[in-house]
Amino acid sequence: MLSLEITQTSSGSELNQKNRILLVEDEELIRDMIVVALEEEGYEVRTARDGRVAIDILQGTDPANPDFMPDLIVLDLMLPEINGLDICRLLRYQGNIVPILVISAKGSETDRVLGLEVGADDYLTKPFSIKEFIARTRALLRRQRYTAISSTPVQKFRDINLFPQECRVLVRGEEVNLSPKEFRLLELFMGYPRRVWSREQLIEQVWGPDFLGDTKTVDVHIRWLREKLEKDPSQPEYLITVRGFGYRFG
Ligand code: CA
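Please read all numbers here as calculations on a predicted model, not as lab measurements.

Cut-off values and rules
Residues numbered from 1 in each chain as written. Predicted model: local features only at pLDDT ≥ 70, side-chain atom pairs only at ≥ 80, totals over all residues. Heavy atoms only, no water. Buried < 20%, exposed > 50% of the residue type's maximum accessible area, 1.4 Å probe, protein only. Helix = DSSP H or I, 4+ residues; strand = E, 2+ residues; numbered from the N terminus. Pairing = 2+ DSSP bridges. Right-handed = clockwise from strand over helix to strand, strands pointing away. Donors = N, O, S within 2.8 Å, 3.2 Å for Na, K, Ca; no water. Phe/Tyr/Trp six-rings, centres within 6.5 Å; stacked < 30°, edge-to-face > 60°. Axes fitted to C-alpha atoms, helices over the stretch in contact; angles between N-to-C directions. Contact = heavy atoms within 4.5 Å.

### Concerning the pairing of strand 1 (residues 20-24)
Along strand 1, four of the five residues are buried, which leaves the element largely enclosed by surrounding structure. Judged from the five bridges that link them, strand 1 and strand 2 (residues 44-48) form a sheet pairing that is parallel. Across the sheet, the residue bridging to Val 24 is Ala 48, located in strand 2. A crossover links strand 1 with its parallel partner strand 2, the connecting element being helix 2 (residues 28-40), and its sense is right-handed.

### Looking at the pairing of strand 4 (residues 100-104)
Counting buried positions over the five residues of strand 4 gives five, a clear majority of the element. Bridge analysis of strand 3 (residues 72-76) against strand 4 gives four bridges, and the strand direction is parallel. If you follow Asp 76 over to strand 4, its bridge partner there is Ile 103. The parallel pair strand 3 and strand 4 is bridged by helix 4 (residues 84-93), and the resulting crossover is right-handed. Pairing between strand 4 and strand 5 (residues 122-125): four bridges, direction parallel. Bridging across to strand 5, Val 102 finds its partner in Tyr 123.

### Describing the environment of Leu 162
Within the secondary structure, Leu 162 sits in strand 7 (residues 160-163). Here the alpha-carbon distance between Leu 162 and Leu 186, two residues 24 residues apart in the chain, equals 8.5 Å.

### Some thoughts on the coordination of the calcium ion
Taken together, Asp 26 (OD), Asp 76 (OD) and Met 78 (O) make up the full set of protein donors to the calcium ion, lying 2.1 to 2.3 Å away. Positions of the donor residues of the calcium ion, expressed as sequence spacing, correspond to D-x49-D-x1-M. Residue Asp 26 is located in the loop between strand 1 and helix 2, and its partner Met 78 is located in the loop between strand 3 and helix 4; the two are separated by 52 residues in the primary sequence.

### What about the packing of aromatic side chains?
In the structure shown here, the tally under the stated rule is seven aromatic pairs. Ring geometry for Phe 189 against Phe 249: centres 6.2 Å apart, planes inclined by 25°, an arrangement best described as stacked. One end of the pair, Phe 189, is in helix 7 (residues 180-191); the other, Phe 249, is in strand 12 (residues 246-249), with 60 residues separating them in the sequence. The exposure classification of Phe 189 matches that of Phe 249, with both residues buried. Centre to centre, the rings of Tyr 192 and Trp 197 are 5.8 Å apart; their planes meet at 80°, and the pair counts as edge-to-face. Take Tyr 192: its relative accessible area is 18%, and that puts it in the buried class. On the basis of relative accessibility, which here comes to 0%, the residue Trp 197 falls in the buried class. Taken together, the ring pairs connect Phe 157, Phe 189, Tyr 238 and Phe 249 into an aromatic cluster.

### Here's the deal with the sheet that holds strand 3
Reading across the sheet, the five strands line up as 2-1-3-4-5 and stay open at both edges, with parallel pairing between neighbours. Where the open sheet ends on each side, the last strands, each with one partner, are strand 2 and strand 5. Sheet twist, expressed as the mean angle between neighbouring strand axes with direction ignored, is 20°. The strands that helix 2 touches are strand 1, strand 2 and strand 4; relative to strand 2, the one it contacts most, it runs at about 165°.

This is the structure:
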């Protein structure tokens with residue numbers, strides 16, 4: 001009984017109090033509204049009102065916020081000093097894998113795609129409901145627990161070497177080119193050898209909770225990955241189909 005209680009308490013605090021969020025937003029009303037909502041959820045929140053301050057905080061050079069390493073960044077795109085897309089690019093270029101939720105009034109499909117292409121993990125168009133915002137925040141923080149474990153300089157499995165921070169993969173000593181989704185999928189698989197993943201779990205981890213396509217997308221990406229990784233894609237040794245469940249690695 002006692003150990004059960006302790007476990008429940010610690011997993012509760014892991015979900016809430018321990019998660020730190022950096023909110024980068026220049027509009028005061030939106031900033032205040034989000035801060036209130038996140039603090040109600042138990043998250044520790046720091047704010048930056050322009051891109052320069054955000055970069056300073058992230059690089060540990062902001063005197064007001066030393067040593068604040070966020071578990072999630074909520075990032076507006078249109079910002080004074082340095083815009084959100086450039087912040088995203090810079091962080092990913094430096095190998096920082098912190099999840100980024102973009103919030104932007106720029107609602108066009110191009111902006112959304114661009115945001116995701118420079119390394120954002122999810123995208124919400126303003127105005128959004130706070131409920132929706134909190135749901136996305138929770139999902140990204142949940143996802144982060146998987147990627148955090150795999151943030152080592154190199155992951156090896158048999159003759160595959162994956163370099164998470166360089167976004168490179170060597171198969172039998174040869175460099176292979178993977179799309180961002182293929183890379184993320186492989187990184188997830190390699191972090192958990194032999195674990196069986198359902199298609200829905202893979203969609204949530206790799207494409208995000210707001211993905212609108214169907215689970216056939218997973219099968220297509222697995223087929224492409226097999227063509228790039230397997231000696232004989234029709235007799236896969238890495239990406240194994242587990243009938244009725246999904247896929248496993250190894
Ligand atoms: Ca703005």
